[in-house]
Amino acid sequence: MLHLSPSILAADTANLAVAVCAAEAGGADSLHIDIMDGHYVANYAFSPKTLADLRRVTTLPLHAHLEVGNPDAVLSLFAAADMIIVQEDATPNLTSTIAAIRRLGCAVGVAVNRNRSVEPLLPVLDRVDLLLVMAVEPGFGGQPFDASVLDKVRWLHAQRASSRLDFAIGVDGGVNLSTIALSVAAGADFFAVGSAAFTGDITESVRQLRAAASANRRLT
Ligand code: DX5
Ligand code: ZN
C-alpha cells in the first residue's frame, strides 16, 4: 500500500482548511504536521492547537512530526495525533520514547536525518509503524531531494523483507513527481510531500503524485 501524507508546512495557512480539504479530495491518506521549536531546527511551525483545529475539518489521520529539541517533554501534548514521529537523534533513549508514544495510544514513527546512518535502528524496527528517511535537512520546505538517502531506503526494504516486518518505509523532503518514482523504485511506500502537493491545483497535484508512485510500485 502506498501512503501519501501532504505536509501542511507548504500550505497557505491563512486558508488551511481549504488546502487540507483539497488534498483530501485528491486522495491524501493522512496529513503531515511539522512541529518546529526554533531549537532543533532554526524555524517555527505549528502546535498541538493545529491538530485540534484540523480535527474539526478533516477525518484524515493526523501525523505530528516533532522536529523539536526535547520530544520526550512534549509527547503528551500530541496525544490527539494518530501518529507521532520523532527524530531519532533528538532523544537520549529511543526505545523508551517509542514506548511512551505507544502508551499515549498513538502509532510510532521514527525519522532519521541525512547525516545519520540507519543501521543502529535495527533493534527498534520491530516496534515502529514508520521509519521516515529524511531527504533534506529538517527545518524548511522546498529543498532539493538528496538521492543518496535512497541507499537507506534500500537497506530498510531488505531488512523488512528478511525479518518479515511490516513497518512503512517513508521519505520526507524534496518529494515530487520524479523523486517519488525514484523512492518507490528503491522500496519506499510512504511519502510526506510539502511543496509538490500544495502548489497549483492541490487536488490534482496530490492525484498526480499518487499516480507517479503507483506507476513505479514494487511488487516485493
Ligand atoms: C522538513 C519537513 C518536511 C517538509 C517537506 O523539515 O519535515 O515535512 O514539509 O517539504 P517539501 O516537500 O517542500 O520538501
Ligand atoms: Zn516532516
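Right above here is the structure, for reference.
All residue numbers refer to positions counted from 1 along the written sequence of the respective chain. Here every chain gets a letter starting at A, and every ligand a number starting at 1, in the order they are written. Local features in a predicted model are, by the rule used here, given only for residues with pLDDT of at least 70; side-chain atom pairs are given and counted only at 80 or more, and totals for whole chains, interfaces and linings are based on all residues. Working from all heavy atoms in the structure, the side-chain values ignore hydrogens and water.

Colleague: Explain the site of ligand 1 to me, please; I cannot follow it from the model alone.
Modeller: Neighbouring ligand 1 are 19 residues, the closest being Ser7, Gly139, Asp172, Gly174 and Ser195. Residues adjacent in sequence count toward polar contacts only when both atoms are side-chain atoms; beyond that, a polar contact is any pair of N or O atoms within 3.5 Å, and within protein one must be able to donate a hydrogen and the other to accept it. Within the side chain of histidine 32, a nitrogen or oxygen atom sits 3.3 Å from an oxygen atom of ligand 1. Taking histidine 65, its side chain carries an N or O atom lying 3.4 Å from an oxygen atom of ligand 1. Out of a free accessible area of 380 Å², ligand 1 has 99% covered by protein chains. Secondary structure elements follow DSSP: runs of H or I no shorter than four residues count as helices, runs of E no shorter than two count as strands, and numbering proceeds from the N terminus. The set of elements that each furnish at least two residues to the shell around ligand 1 consists of strand S2 (31-37) and strand S4 (62-67). Top contributing element to the shell around ligand 1 by residue count: S2, with three residues. For the shell around ligand 1, the residue count by class is six nonpolar, 10 polar and three charged. Consider each residue's heavy atoms; a residue with any of them within 4 Å of a molecule or strand counts as near. Accessible surface is estimated by sampling points in the Shrake-Rupley manner with a 1.4 Å probe; for residues, cover comes only from the protein chains shown. Each residue gets one label: Ala, Val, Leu, Ile, Met, Phe, Trp, Tyr, Cys and Pro are nonpolar, Asp, Glu, Lys and Arg are charged, and the others, such as Gly, are polar.

Colleague: Sorry if this is basic, but what is going on with the pattern of salt bridges here?
Modeller: A side chain with one charge may pair with a side chain of the opposite charge, provided their charged atoms come close. Any Lys or Arg side-chain nitrogen located within 4 Å of an Asp or Glu carboxyl oxygen qualifies as a salt bridge. If you walk through the whole model with that rule in mind, you get 12 salt bridges. Residue aspartate 29 is joined to arginine 210 by a salt bridge in which the shortest nitrogen-to-oxygen separation is 2.5 Å. Here arginine 210 lies in helix H7 (residues 202-215) and aspartate 29 lies in the loop between helix H1 (16-25) and S2, a separation of 181 residues in the sequence. Several salt bridges share partner residues, and in doing so they unite Lys49, Asp53 and Arg56 into one network.

Colleague: Would you mind showing me how to read helix H5 (residues 150-163) here?
Modeller: Counting along an α-helix, one turn takes 3.6 residues, and residues three or four places apart therefore face a common direction. One fewer than the residue count of a helix, multiplied by 1.5 Å, yields its expected span. If you check H5, its first and last C-alpha atoms are 20 Å apart, about what 14 residues at 1.5 Å a residue would give, namely 20 Å. Relative accessible area decides the class of each residue, using a 1.4 Å probe on protein chains only: under 20% of the type maximum gives buried, over 50% gives exposed, and in between gives partly exposed. Within the span of H5, buried status applies to Leu150, Lys152, Val153, Trp155, Leu156, His157, Gln159 and Arg160. Residues count as neighbours in contact if any of their non-hydrogen atoms are within 4.5 Å of one another. Elements that come into contact with the buried residues of H5 comprise strand S7 (130-134), strand S8 (168-172) and helix H6 (177-186).

Colleague: It is not clear to me how the coordination of the zinc ion (ligand 2) should be interpreted in this structure. Could you clarify?
Modeller: In an ideal octahedron of six donors the angles at the metal are 90 or 180 degrees, and in an ideal tetrahedron of four donors they are 109.5 degrees. Surrounding the zinc ion (ligand 2) are the protein donor atoms His32 (NE2), Asp34 (OD), His65 (ND1) and Asp172 (OD), which sit 2.1 to 2.3 Å from the metal. Coordination at the zinc ion (ligand 2) is octahedral, judged from the six donor atoms that bind it and the angles of 72 to 171 degrees they form at the metal. Taken in sequence order, the residues that donate to the zinc ion (ligand 2) follow the motif H-x1-D-x30-H-x106-D. Pair noted here: aspartate 34 is in strand S2 and aspartate 172 is in strand S8, with a separation of 138 residues, a long-range link. The residues aspartate 34 and aspartate 172 share a single accessibility class, namely buried. Listed donor atoms are N, O and S within 2.8 Å of the metal (Na, K and Ca: 3.2 Å). As water is not included, a site may look incomplete. Tetrahedral means four donors with every angle between 85 and 135 degrees, whereas square planar (four donors) and octahedral (six donors) require angles over 155 degrees between opposite donors and between 65 and 115 for all others; sites fitting neither are termed irregular.

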